[in-house]
Amino acid sequence: MQYWLMKSEPDEVSIDDVMASPKQTTVWFGVRNYQARNFMRDQMQVGDGVLFYHSSCPEPGIAGLAQIVSTPYPDASQFDSNSKYYDPKATQETPRWISIDVQGTQKTRLLPLAEMRTIPALEDMVVLQKGSRLSITPVTAAQWKAIVKLLK
DNA sequence: GCCAACGTTGGC
DNA sequence: GCCAACGTTGGC
């Protein structure tokens, strides 16, 4: 059991979108970074906890809690020449990118990035490190616990 | 829109 | 395999 922070642009998929989906479940697609992909492929397990983070928006921060509800499978958008996520080098035989299903468990108050930076228990969070851009980053159990407490 | 930081590409 | 050039991310 591990914990993750996953970034989504609310213009694309917000926590409200996830909670409004059937079974509150959404397909996580479009990851085009190898490190993030490898986390999905090699480490994520069904049941892992997810901090749902809104990025590239007026108020970036954690907007909800979620969990991983599938094992990895090929990301369909890599094969779709009409998709902005199309990857001409990917083939059905040797897919390069993967998806995973994420189920929203709770929309929370927004925990803004600016507030996260003021909390000593969170100072080592990967997402808060200078230059950190990864869309999927690991979260420790202690960090998860501290955040859940803040969101109550 | 700016720009720092990081990732990827491709010539050599 | 190096590294310059370019592209992307994402907060501000």
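Residues numbered from 1 in each chain as written. Chains lettered and ligands numbered in written order. Predicted model: local features only at pLDDT ≥ 70, side-chain atom pairs only at ≥ 80, totals over all residues. Heavy atoms only, no water.

A few points about the pairing of strand S3 (residues 49-54)
Let me state the cut-off plainly: For each residue, the accessible area found with a 1.4 Å probe, counting protein chains only, is set against the maximum for its type, and the residue is called buried under 20%, exposed over 50%, and partly exposed in between. Each helix is a run of DSSP H or I of at least 4 residues and each strand a run of E of at least 2, with the numbering of both proceeding from the N terminus. DSSP bridges decide pairing: two strands pair if at least two such bridges lie between them.
With 6 of 6 residues buried, S3 lies mostly within the body of the structure. On S3, burial covers both faces: Gly49, Leu51 and Tyr53 on one face and Val50, Phe52 and His54 on the other are all buried. Bridge count for strand S1 (residues 3-8) against S3 is 6 bridges, and the pairing is parallel. The residue of S3 that forms the bridge with Trp4 is Val50. As judged from the 6 bridges shared by S3 and strand S4 (residues 61-68), these two strands associate in the antiparallel manner. If you follow Phe52 over to S4, its bridge partner there is Gly64. Linkage of S3 to S4, two consecutive antiparallel strands, is achieved through a turn of 6 residues, within which Ser56 is found at a positive phi near 50 degrees.

Observations concerning helix H2 (residues 34-43)
Under the convention used in this document: Taking the helix axis as origin, the arc is that swept by the directions to the C-beta atoms. The contact criterion used throughout is that any non-hydrogen atoms of two residues lie within 4.5 Å. Throughout this description, a polar contact denotes any pair of N or O atoms lying within 3.5 Å of each other; where both atoms belong to protein, one of them has to be capable of donating a hydrogen while the other can accept it, and for residues adjacent in sequence the pair is counted only when both atoms sit in side chains.
Buried within H2 are the following residues: Ala36, Arg37, Phe39 and Met40. Viewed along the axis of H2, the buried residues span an arc of 155 degrees, placing them on a single side of the element. Of the surrounding secondary structure, the elements contacted by the buried residues of H2 are S1, strand S2 (25-28), strand S6 (98-112) and strand S7 (136-139). Structurally, the start of H2 carries an N-cap: the backbone nitrogen of Gln35 is 3.0 Å from a side-chain oxygen of Asn33.

Concerning the nonpolar core
Rules: Among buried residues, the Ala, Val, Leu, Ile, Met, Phe, Trp, Tyr and Cys ones that are joined through side-chain atoms within 4.5 Å form a nonpolar core.
Among the nonpolar cores identified, the biggest contains 20 residues, and Met6, Trp28, Met40, Met44 and Ile136 are the most heavily contacted of them. Elements with a contribution of two residues or more to this core: S1, helix H1 (15-20), H2, S3, S4 and S6. Grouped together as the second largest cluster of nonpolar side chains are 19 residues, Leu65, Ile119, Trp144 and Ala146 included.

Re the pairing of S2
Only one face of S2 is buried, namely the one carrying Thr26 and Trp28, since none of Thr25 and Val27 on the opposite face is buried. As judged from the 4 bridges shared by S2 and S6, these two strands associate in the antiparallel manner. If you follow Val27 over to S6, its bridge partner there is Asp101.

A short note on the protein's contact with DNA strand B
For clarity, the threshold we go by: The nearness test applies per residue and asks whether one of its heavy atoms lies within 4 Å of the molecule or strand. Here the term charged refers only to Asp, Glu, Lys and Arg, the term nonpolar to Ala, Val, Leu, Ile, Met, Phe, Trp, Tyr, Cys and Pro, and the term polar to all other amino acids, Gly among them.
Surveying the vicinity of DNA strand B reveals the residues Asn33, Tyr34, Gln35, Lys130, Gly131 and Arg133. Sugar and phosphate atoms form 75% of the subset of DNA strand B atoms that lie within 4 Å of the protein. At 2.7 Å, a side-chain N or O of Lys130 approaches a phosphate oxygen of DNA strand B. Between DNA strand B and the protein, one listed contact pairs a base oxygen with a side-chain N or O atom of Arg133 at 2.6 Å. Counted by class, the surface near DNA strand B contains 1 nonpolar, 3 polar and 2 charged residues.

Considering the protein's contact with DNA strand C
All residues adjacent to DNA strand C are Lys7, Tyr53, Ser55, Ser56, Pro60, Leu113 and Arg133. At 2.9 Å, a side-chain N or O of Lys7 approaches a phosphate oxygen of DNA strand C. Within the contact set of DNA strand C, a phosphate oxygen lies 2.8 Å away from a side-chain nitrogen or oxygen of Tyr53.

With respect to the side chain of Thr137
Mapped onto the elements, Thr137 comes out in strand S7. Those residues within four positions of Thr137 in sequence are excluded, and the remaining contacts are Tyr3, Trp4, Leu5, Val126 and Val127.

Things to note about the packing of aromatic side chains
This is how it is decided: In summary, the pairing rule links any two rings of Phe, Tyr or Trp, Trp by its six-membered ring, whose centres are within 6.5 Å, and it sorts them by plane angle into stacked for under 30 degrees, edge-to-face for over 60 and tilted for everything else.
Applying the stated criterion to the full structure yields 5 aromatic pairs. Residues Trp4 and Phe39 carry aromatic rings whose centres are separated by 5.3 Å and whose planes lie at 50 degrees to one another, so their mutual orientation is tilted. With Trp4 in strand S1 and Phe39 in helix H2, this pair connects stretches of sequence that are 35 residues apart. Note on accessibility: Trp4 and Phe39 belong to one class, buried.

These figures come from the coordinates and say nothing about function on their own.
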